[in-house]
Amino acid sequence: MTLIAVCQLKGGAGRSTVATNLSVGLDALLIDADPPQWSAAAWGAVRGVDVPAVSNHRELVDRVPLQGWAVVDLPPRFAEMTRAALALADIALIPVTPGVADLWAVEDLLPIITEAKAVNPDLKVRLVWNRLRAFVGSEVELQTQARRDLPIKPLRASLGYRLAYPQAFIEGKSVLEGSNVKARDEMAAMVAEVQRLGRA
Amino acid sequence: MATKKATTTKKPMSKAAQAVKFAEGEPKGRQPPRGVVRLTVNINAGLHRKFKLAAVSRGQTMGAMLEDWIRDNLADKAVRDARAYLKEKGQF
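Fair warning: this is a prediction, and the values are worked out from it, not measured in the lab. (Residues numbered from 1 in each chain as written. Chains lettered and ligands numbered in written order. Predicted model: local features only at pLDDT ≥ 70, side-chain atom pairs only at ≥ 80, totals over all residues. Heavy atoms only, no water.)

Asks: Teacher, can you tell me more about the packing of aromatic side chains here?
Replies: The geometry of an aromatic ring pair is captured by the separation of the ring centres together with the interplanar angle, meaning the angle of the planes. If you walk through the whole model with that rule in mind, you get zero aromatic pairs over all chains. Here the guanidinium or amino end of Arg83(A) rests over the ring plane of Phe22(B), the centre of that ring lying 4.3 Å away. (Phe/Tyr/Trp six-rings, centres within 6.5 Å; stacked < 30°, edge-to-face > 60°. Lys NZ or Arg CZ within 6 Å of the ring centre and 35° of its normal.)

Asks: Explain the interface of chain B and chain A here, please?
Replies: You'll often see interface size given as the accessible area lost when the parts meet. Counting residues at the interface gives eight residues for chain B and 14 residues for chain A. Across the interface of chain B and chain A, roughly 1,000 Å² is buried in total on both sides, 66% from carbon and sulfur atoms. Its largest share of buried area at the contact with chain A, chain B owes to Lys15(B), Phe22(B) and Ala23(B), together 56% of the area lost on that side. Of the charged contacts in the structure, one is a salt bridge between Arg58(A) and Glu24(B), with a shortest N-O distance of 2.9 Å. Applying the counting rule to chain B against chain A returns four residue pairs in polar contact (both at pLDDT 80 or more). (Contact = heavy atoms within 4.5 Å. Buried area = accessible area lost by both parts, 1.4 Å probe. Salt bridge = Lys/Arg side-chain N within 4 Å of Asp/Glu carboxyl O. Polar contact = N/O pair within 3.5 Å; in protein donor to acceptor, adjacent residues only side chain to side chain.)

Asks: In this structure, what is going on with the nonpolar core? I would like to understand it.
Replies: Residues and elements named next belong to chain A. If you look at the biggest cluster of nonpolar residues, it comprises 45 residues, and the most contacted ones within it are Leu-60, Val-72, Leu-74, Leu-86, Ile-94 and Ile-152. Top contributing element to this core by residue count: helix 5 (residues 100-119), with eight residues. With residues near it in sequence (within four places) discarded, Leu-86 still touches Cys-7, Ala-92, Ile-112, Ile-113, Ala-116, Asn-120 and Leu-123. Core analysis: the next-biggest nonpolar cluster, separate from the first, contains 30 residues, Ala-40, Ala-41, Ala-164 and Tyr-165 among them. (Core = buried A, V, L, I, M, F, W, Y, C linked by side-chain atoms within 4.5 Å. Buried < 20%, exposed > 50% of the residue type's maximum accessible area, 1.4 Å probe, protein only. Helix = DSSP H or I, 4+ residues; strand = E, 2+ residues; numbered from the N terminus.)

Here it is in structure tokens:
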């Protein structure tokens, strides 16, 4: 089993976008651990697939499959759920949009990651840049600043600022199944990178 | 030659059980460390609030403040006297 925990303490950074798209790309079981929003489960209902919605860490641990890939969409808080997922996961992905508040929230997450690594030393943690506009100077500068200040490496693949993402979500789809070539290519690159990371 | 089976005194734990343990942290109702006892007292609610606010404003725990107060206000002589009194009464 390879478990990917998608976590971020700040809301609106793109946890569900990353989790739903990766679940399609990796053919993974998606678990929604973000009550009471249950966005990923709602996406699953539109898609017509069963996305288990768990409301506590014990339920989450029971739901993690023994084989294959699983992606868990975590709540934006220090909950037992986040701790349990980080203790179990192979990869933790932290979506960030190019805003300083997202990076501050990552800093708040660092102590719990350090604690989790004590019980789960193989945990690999990566930032995922989301809604990135590579041509905006201030956003490029923020990426440089994050690389300098945060002890977490970013994934090489990043997601751009595209309407294709919310559109795909509403339709219960992944951008991998859509017609926006740029969105499809960047998500495919992200899936491939995560697969490599999971096998490493 | 028979090989000796490796043994460990540490109880093996599954990754799932370890995750639950990590998530829940220390068990509730944890005993105080060695050499420390738990004190339970009933005091006036308003005083308790003041005490709590004072501890927060000083960046101390209520327990630490109480210990400081006891050290500052109960001279060793008073403690020795009390011990002698209780010994005399056969209660120490």
